[in-house]
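Single-letter residue listing:
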Amino acid sequence: MSFVTRDGRDWTPNFLTSIDAEKCIGCGRCFKVCGRDVMTLKGINEDGDLIDLDEDEDDEIEKKIMVMNDQGACMGCGACARVCPTNCQTHMPPAAVAA
Ligand code: SF4
Ligand code: SF4
């Protein structure tokens, strides 16, 4: 698989493949720079379960974290990695994702 930029230069995407829930602080920076809806912010309740933030359960939320929402939509631009303050994301090139 080969990828190129608009003018034909070689381009190797670096796809977001996972987010470390222990390290993520739910700051939302990655979400703001991603134009592909790859991630979504969720809450974690006291039992450690992921819950939607639009539920009326704000009192139960212990922590917010970013999770993968639609990883197949990622185009591997790497913008999310640049803004993450905790370096909690893992990115991989197409060959590694396909393996
Ligand atoms: S690499 Fe780019 S497209 Fe993929 S999740 Fe990060 S910001 Fe979105
Ligand atoms: S930028 Fe990093 S720490 Fe902030 S929400 Fe995204 S993955 Fe989590």
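Because the structure is predicted, anything quoted here is derived from the model rather than measured.

S.K.: Report on empty space enclosed by the protein, specifying residues and quantitative values.
M.R.: Inspection of every chain in the model, using the stated rule, returns two cavities of 30 Å³ or more. Estimates place the volume of the largest cavity at around 90 Å³. What lines the largest cavity is a set of 15 residues, among which Cys 34, Val 38, Cys 74, Cys 77 and Cys 80 lie closest to the centre. In the lining of the largest cavity, the residues fall into 10 nonpolar, four polar and one charged. Taken as a whole, the second largest cavity encloses approximately 70 Å³ of empty space. Ile 19, Cys 24, Ile 25, Cys 27, Arg 29, Cys 30, Met 66, Cys 84, Pro 85, Thr 86, Cys 88 and Gln 89 together form the lining of the second largest cavity. For the lining of the second largest cavity, the class distribution of residues is nine nonpolar, two polar and one charged.

S.K.: How would you explain unusual backbone geometry if you had to name every residue and give the values?
M.R.: Of note, the phi angle at Asp 37 is positive, near 55°, even though the residue is not glycine. When you line up the elements, Asp 37 lands in the loop between helix H1 (29–33) and strand E2 (39–45). With a phi close to 50°, Asn 87 is a non-glycine residue in the positive phi region. Positionally, Asn 87 belongs in the loop between helix H2 (79–83) and strand E5 (89–92). Judged by relative accessible area, Asn 87 falls into the exposed class, the value being 62%.

S.K.: Could you give an account of the site of ligand 1, with specific residues and numbers?
M.R.: Taken together, the residues surrounding ligand 1 are Leu 16, Cys 34, Arg 36, Val 38, Met 39, Cys 74, Met 75, Gly 76, Cys 77, Gly 78, Ala 79 and Cys 80. With respect to the detected pockets, ligand 1 is housed in the largest cavity.

S.K.: Describe the site of ligand 2, and please don't skip the residues or the numbers.
M.R.: Around ligand 2 lies a shell of 14 residues, among which Cys 24, Cys 27, Gly 28, Cys 30 and Cys 84 are the nearest. The pocket occupied by ligand 2, as judged from atoms lying within 2 Å of grid points, is the second largest cavity. Considered class by class, the residues forming the shell around ligand 2 number nine nonpolar, four polar and one charged.

S.K.: Before we move on, could you go through the nonpolar core and cite the residues and values that matter?
M.R.: Among the nonpolar cores identified, the biggest contains 16 residues, and Leu 16, Ile 19, Cys 24, Val 38, Met 39 and Met 66 are the most heavily contacted of them. Within the residue set of this core, elements represented by two or more residues are strand E1 (15–19), E2 and strand E4 (61–68). In this structure, Leu 16 is in contact with Val 38, Met 39, Met 68, Cys 74, Cys 80, Gln 89, Thr 90 and His 91, ignoring residues within four places of it in sequence.

S.K.: Can you tell me about the environment of Val 33, naming the residues and giving the values?
M.R.: With respect to the helices and strands, Val 33 occurs in helix H1. Distance in space between the C-alpha atoms of Val 33 and Cys 80 is 6.4 Å, their sequence separation being 47 residues. Each residue touching Val 33, except ones within four places of it in the same chain, is listed here: Ala 79, Cys 80 and Val 83.

The rules behind the values
- Residues numbered from 1 in each chain as written.
- Chains lettered and ligands numbered in written order.
- Predicted model: local features only at pLDDT ≥ 70, side-chain atom pairs only at ≥ 80, totals over all residues.
- Heavy atoms only, no water.
- 1 Å grid on protein atoms, 1.4 Å probe; cavity = no way out; pocket = protein on both sides within 12 Å on 5 of 7 lines; lining within 4 Å.
- Points joined across faces, edges and corners; volume = space filled by probe spheres on them.
- Nonpolar A, V, L, I, M, F, W, Y, C, P; charged D, E, K, R; others polar.
- Helix = DSSP H or I, 4+ residues; strand = E, 2+ residues; numbered from the N terminus.
- Buried < 20%, exposed > 50% of the residue type's maximum accessible area, 1.4 Å probe, protein only.
- Near = heavy atom within 4 Å.
- Sits in = over half its atoms within 2 Å of the grid points.
- Core = buried A, V, L, I, M, F, W, Y, C linked by side-chain atoms within 4.5 Å.
- Contact = heavy atoms within 4.5 Å.

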